[in-house]
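# Secondary and tertiary structure notes
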Amino acid sequence: MRNIKHIQLKDMEEIDENDEEFEIDGDDIRPRKKTEFQSTQNKSTFKRLFEYLTETNFRKSLLIIAFCSFFIIFTITATLATKVQIIYSNIKLPGNVIPIHYFTHVDIRMEPKFNFNGTIVSTLNITSDKNDFIVIHADESTLSLNSIHLVSVPKYNSSKPVNSTDFDLESSITPTNKVYSPENSYYIIFFKDLKKFLDKNGSIFNLYISYNGSLVDSEGTSTLRGLYLSSYKNPSNHSESKYLAVTQFEPVDARLSFPCFDEPSLKANWTIWITHPNDYKALSNMPAYLVEENKVNKKTTTRFDTTPKMSSYLVCIVVHQFSSKSGFIDRHGKGGNTTPVPLTVWAADHLMDTVDFSLDMAKKSFVFFEDYFDILYPLPKMDLVAIPDFAAGAMENFGLMTFRESDLLYSNKTSDQENKQRVAEVVSHEIAHQWFGDLVTMKWWNDLWLNEGFATFMSYKCMQKVLINEFNSEEIFQYSSKQPGLDIDASPFTHTISNNYTDPLDIMASFDSVTYDKGSSILLMLEAMVDRVRENAFRDGIRNYLKKYAYGNAETNDLWDMLYESINRDPTMVIPDIMNQWTTYPGFPQIKIDAIGANLYRITQSKFTQPNTTRPSDFNANSLWWIPIKVIDNCENTDDIYIANKSVQYKGWSDQACGTSTKDAFIFANSDATGFYRTLYDSSIFDKIVSRLYANASEHFSTLQRISFADDLYAFSKIGAIPTSVALKTFNYTTASVEPNFVVWKDILSFLSFVHNRLETVVPCYIQYIKKAQYIFNHGLLPLIQLDIDPNETLTYNQLELRKSAFSKVNSLSITSLRSHLYQIYLDNIDTPENIDPSIRGPLFSSIIQNGDIEEYEWVVSRFENTNAINERIDALKAISNPKNPQLIRNTLKMLLDGKIKNQDFYMVFLEMSYSPFARELAWNFLLDNFNFISENSTPGDIGKYVTYFASSMDSQAKIDQIKQFFTDAHPIPASSLANAISSIQYNMNWLKNQAPELCNFLNK
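Residues numbered from 1 in each chain as written. Predicted model: local features only at pLDDT ≥ 70, side-chain atom pairs only at ≥ 80, totals over all residues. Heavy atoms only, no water.

Turning to the overall build of the protein chain, a few remarks are in order. A tally of helices and strands in the protein chain yields 31 helices and 31 strands. Computed over its C-alpha atoms, the radius of gyration of the protein chain comes to 32 Å, within 12% of the 30 Å expected for a compact globule of 1005 residues. In terms of principal-axis extent, the alpha carbons of the protein chain reach across some 105 × 75 × 65 Å. A total of 1005 residues make up the protein chain; the buried ones form 55% of that total. In the protein chain, of all internal contacts separated by at least 6 residues, the share reaching a separation of at least 24 is 71%. For the protein chain, the exposed surface amounts to about 42500 Å²; the carbon and sulfur share of it is 50%. Once the 94 positive and 120 negative side-chain charges of the protein chain are each reduced to a mean point, those two points are 2 Å apart. (Helix = DSSP H or I, 4+ residues; strand = E, 2+ residues; numbered from the N terminus. Rg over C-alpha atoms; globule rule 2.2 N^0.38 Å. Buried < 20%, exposed > 50% of the residue type's maximum accessible area, 1.4 Å probe, protein only. Contact = heavy atoms within 4.5 Å. Areas by Shrake-Rupley, 256 points an atom, 1.4 Å probe, with all protein chains shown as cover. Lys, Arg positive; Asp, Glu negative; His and termini not counted. Charge placed at Lys NZ, Arg CZ, Asp CG, Glu CD.)

Let's shift gears to the packing of helix H8 (residues 473-489) against helix H15 (residues 703-719). The N-to-C vectors of H8 and H15 enclose an angle of 25 degrees; their axes lie 11 Å apart at closest approach. In terms of orientation, H8 lies roughly parallel with respect to H15. As H8 packs across H15, the resulting crossing turns out to be right-handed. Taking contact as the criterion, the partners of Glu 474, Glu 475, Gln 478, Lys 482, Gln 483 and Leu 486 in H8 are, on H15, Thr 703, Leu 704, Ile 707, Ser 708 and Asp 711. (Axes fitted to C-alpha atoms, helices over the stretch in contact; angles between N-to-C directions. Parallel < 35°, antiparallel > 145°, perpendicular 65-115°, else oblique. Left-handed = near helix turned anticlockwise from the far one by under 90°.)

Quick look at the pairing of strand E5 (residues 133-137) now. In terms of burial, E5 is a largely internal element, five of the five residues being buried. Here E5 runs beside strand E9 (residues 186-191); their pairing, made up of five bridges, is antiparallel. Bridge pairing in E9 links His 137 to Tyr 186. (Pairing = 2+ DSSP bridges.)

Spatial strand order, E7-E6-E10-E4-E3-E13-E16-E15: eight strands in an open sheet with mixed pairing. Each having just a single partner strand, strand E7 (172-173) and strand E15 (288-294) make up the two edges of the open sheet. Direction of pairing for strand E3 (residues 97-109) relative to strand E13 (residues 269-277): parallel, over a ladder of seven bridges. Looking at the pairing, Asp 107 lines up with Thr 275 of E13. Lying over the sheet, helix H4 (residues 194-201) contacts strand E4 (115-126), strand E6 (143-152), E7 and strand E10 (204-214), oriented at roughly 45 degrees with respect to E6.

This structure, assessed with the given rule, holds 61 aromatic pairs. Measuring from centroid to centroid gives 5.6 Å for Phe 436 and Tyr 545, while their planes differ by 15 degrees, and the two rings are stacked. Of the two residues, Phe 436 sits in the loop between helix H6 (417-433) and strand E23 (440-442) while Tyr 545 sits in helix H11 (residues 537-548), which places them 109 residues apart along the sequence. This pair shows no difference in class: Phe 436 is buried, exactly as Tyr 545 is. (Phe/Tyr/Trp six-rings, centres within 6.5 Å; stacked < 30°, edge-to-face > 60°.)

This part is about the state of the cysteines. What the rule picks out here adds up to one disulfide. One disulfide bridge connects Cys 765 with Cys 1000, the sulfur atoms lying 2.0 Å from each other. On the sign convention where negative is left-handed, the bridge of Cys 765 and Cys 1000, at about -60 degrees about the S-S bond, is left-handed. Here Cys 765 is found in the loop between helix H17 (742-759) and helix H18 (766-781), whereas its partner Cys 1000 is found in helix H31 (residues 996-1004), with 235 residues between them in sequence. Here Cys 260 is not cross-linked by a disulfide; its sulfur's nearest cysteine counterpart is in Cys 316, at 14 Å. Given a relative accessible area of 0%, Cys 260 falls into the buried group. (Disulfide = S-S within 2.5 Å.)

Next up on the list: the nonpolar core. Proteins that are soluble and globular tend to have nonpolar side chains buried together. In terms of nonpolar packing, the biggest core is built from 302 residues, with Ile 108 and Ile 575 touching the most fellow members. No other element matches H17, which puts eleven residues into this core. Setting aside chain neighbours within four positions, we find Ile 575 in contact with Leu 526, Met 529, Val 530, Trp 560, Leu 563, Tyr 564, Ile 567 and Asn 580. Phe 103, Val 151, Val 162 and Trp 273 belong to the second-largest nonpolar core, a separate cluster that totals six residues. (Core = buried A, V, L, I, M, F, W, Y, C linked by side-chain atoms within 4.5 Å.)

The next thing to look at is the side chain of Arg 225. Tracing the backbone through its elements, the reader meets Arg 225 in the loop between E10 and strand E11 (226-234). According to the relative accessible area criterion, Arg 225 is buried, its value standing at 12%. Within the structure, Arg 225 has its side chain in polar contact with the side chain of Asp 253 (distance 2.9 Å). (Polar contact = N/O pair within 3.5 Å; in protein donor to acceptor, adjacent residues only side chain to side chain.)

With omega at 5 degrees, the peptide bond leading from Glu 111 into Pro 112 counts as cis. Assignment of secondary structure puts Pro 112 in the loop between E3 and E4. At the junction of Glu 250 and Pro 251, the peptide bond is cis and its omega measures out at 5 degrees in the coordinates. By the element assignment, Pro 251 lies in the loop between strand E12 (237-248) and E13. Even without a glycine there, the phi angle at Glu 636 is positive, about 70 degrees. Tracing the chain through its elements places Glu 636 in the loop between strand E27 (627-633) and strand E28 (638-643). The class of Glu 636 is exposed, set by a relative accessible area of 59%.

This is how it looks when you write it as structure tokens:
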């Protein structure tokens, strides 16, 4: 990401008054030598001239007039020059130049140079001659453009795209000037008589640009953007590094690697050649058709087939020394096609025993999606590559998907059940993108959710089909996607799903939980709505959408129209009108259900809001949504209600067939957990629900219903709509009635942790609260778990998650029995750490560090530095971010400065330390004191996330003032991150002021 401050410093350096004069000698640029005599002579000459000009008042007047005249002339000249620069300044490209095909040949030099150069030939359709310039993206911070030529193509043949960098020099024209726009990272390239050239030669042209760049920045650091350097240690010799070059272009970083028209709607075909050292291999989006090795210069050129039309951000190059394992996408004659598609997973040699699960998951995912979408995967191969240094989780490049190692590789010896589920989710997510995102792409980044929301939604649908015997993805979706979406969307500074972002900083910041989690959750809600009208209407609408816009671009309304067609444009459910509310309104609704008579209810909607927090100027507390509500009553009668107004009355069932009296009747809303809203009940309904939970929770309510109720109760208690004491008493049902589901327990433990974090330092009833929380834990959760697992016994995913959740709270809730048990496991395996059960390894590492000292800390550090197991390294990193000893905290922070912790993992350190009352303040001050270092290794969006991590645990006006004063233009983070951080602190302050006293009164009784 371009560092704005770096640009400002660069500009200052160029006009520094103390700059030396320079001279050029061949390719060398060096300071011009000055003799002492020259310097002295120049000084005396200027002195005599100045004395002469100021000797009389008349001469002084002439000097002033001359100076003013010069200033006026200079100003006019500068203004005219500026006009040339601002002749085009829109964030989007002009639109009169359409790329048809790119041919790029890039020569990548690995150690020791780590740089590249190349030539790109862009075949363009110039549809208008109104401009005498061409605007093309190329980031000057990483690329130097060396030569530019525009050549006409009078007999263009689309079936024979250009595959050479040679051209007829005499028939070309060259630029008269080029101006760089740092705000938009593009060049405005001016050509003399361009209009005449176009009139004479038609509309198809080839633009030849040669360029060069570096795989690392000026400090030798990988930026994890554009075409960059990644490295990993040789497991047999940790002092030896191995390297690879890899691209990461989404959203706006293809321009860091070659000049191109870097917008998602400007799709084109790509032909890519890569020259690389002989001992490396090259991958790109398409299969290689020719590999030419030159033993003289020790270089190999790998030539790839031409891609179908695709956006620039999906182009991918990997130059590596990995090993691979392959399989096939077996179609069984589907669509009349019996040709199997090669499917290959690539990883470092020492990790090849961890690729089997992802390869199998990829095979099953392709079969599922080809069937669901009714469209065959259109490329002739697929590669999945585990990248040691990767900023995101994974990237859906067409035909060549790249992954963070922990999100692709799984070992049943060193990974736990969560790691397996995560790999399955990420692999299926990226494969879903091959249709949603790659085949059909959003027109602009304001509809990013069409890519990410859909891929998230479809990944869980895929897992529910192919891994149903391993875990319940519908339940996991509630905790992993829907609930985070509701949480982030509750902020007054949330953004709409479809937004109007144009600035790259805002675009990159929009890769957040609103886009992924809220986006996927409203699709879950929409699917339930339309499938009630016609079975499989959602699936059929998606199929028609993908077929209509294949190899093109679409907008949100295009999707709504196709789904509306799938229910035959039912006038009672106008999908475009309904769903535009959910994508263009920030926030979400809550519904309040009041019993107002015998089986008679009033349902009222309002916006879910955090009280007493700063709000944006355009905040609308009166928004109304069209809400689908599925209800079930105490006799298990179900009904579908649709509310579009502020309030409606609803008449329940009068026939109490289940034998209960009318006074015991109630309704439970969002009974299928598909609605993206929260439900608040009046006291009479709430008490009846709680009574049934105490009686037999799993008999009276489905798992999804208990998940929704628990999460809504937690959310309403945080904002004061339900007293915290009431929530605490309600969750006590787990001690009277078995609560068997791990997702419900995650909600309960999240509630207990939230209250714990608010009370731990300032509230006098902390001890009483801990006793109450321990009671729920010891009598509700602890009886459900096995301390040790028999090697011959296989626990379910739910059982393993309950066990891990319990061990994860041993420190914050002071569960001494489990703490001692973990320490004994450590002592028993201090020389055989590979024998520690992966499902509790993370809690064990954290526990021994928090309750131990230097010896335990150094043991876990050694695991972090020496293990080859990816997930063990992550567990160790999180643990060494959680000591109590200030010196050990400082040591972990120093590991960031020393480069011992990869910059892709900075977030783990700051996130873990933000949770810890012992590390929080030290880490926060470290972030501020070392902001320059952090900003060189993290994007502004990343730093914005770090700030929100810490803000979530802050609760004072002093911290708000500090954040406001520090994060200015000199220390940039996204405006949304700054606003959300301040809002989060206000939220905590309000809780302490308004909720804590009531809770303490309850606990002290």
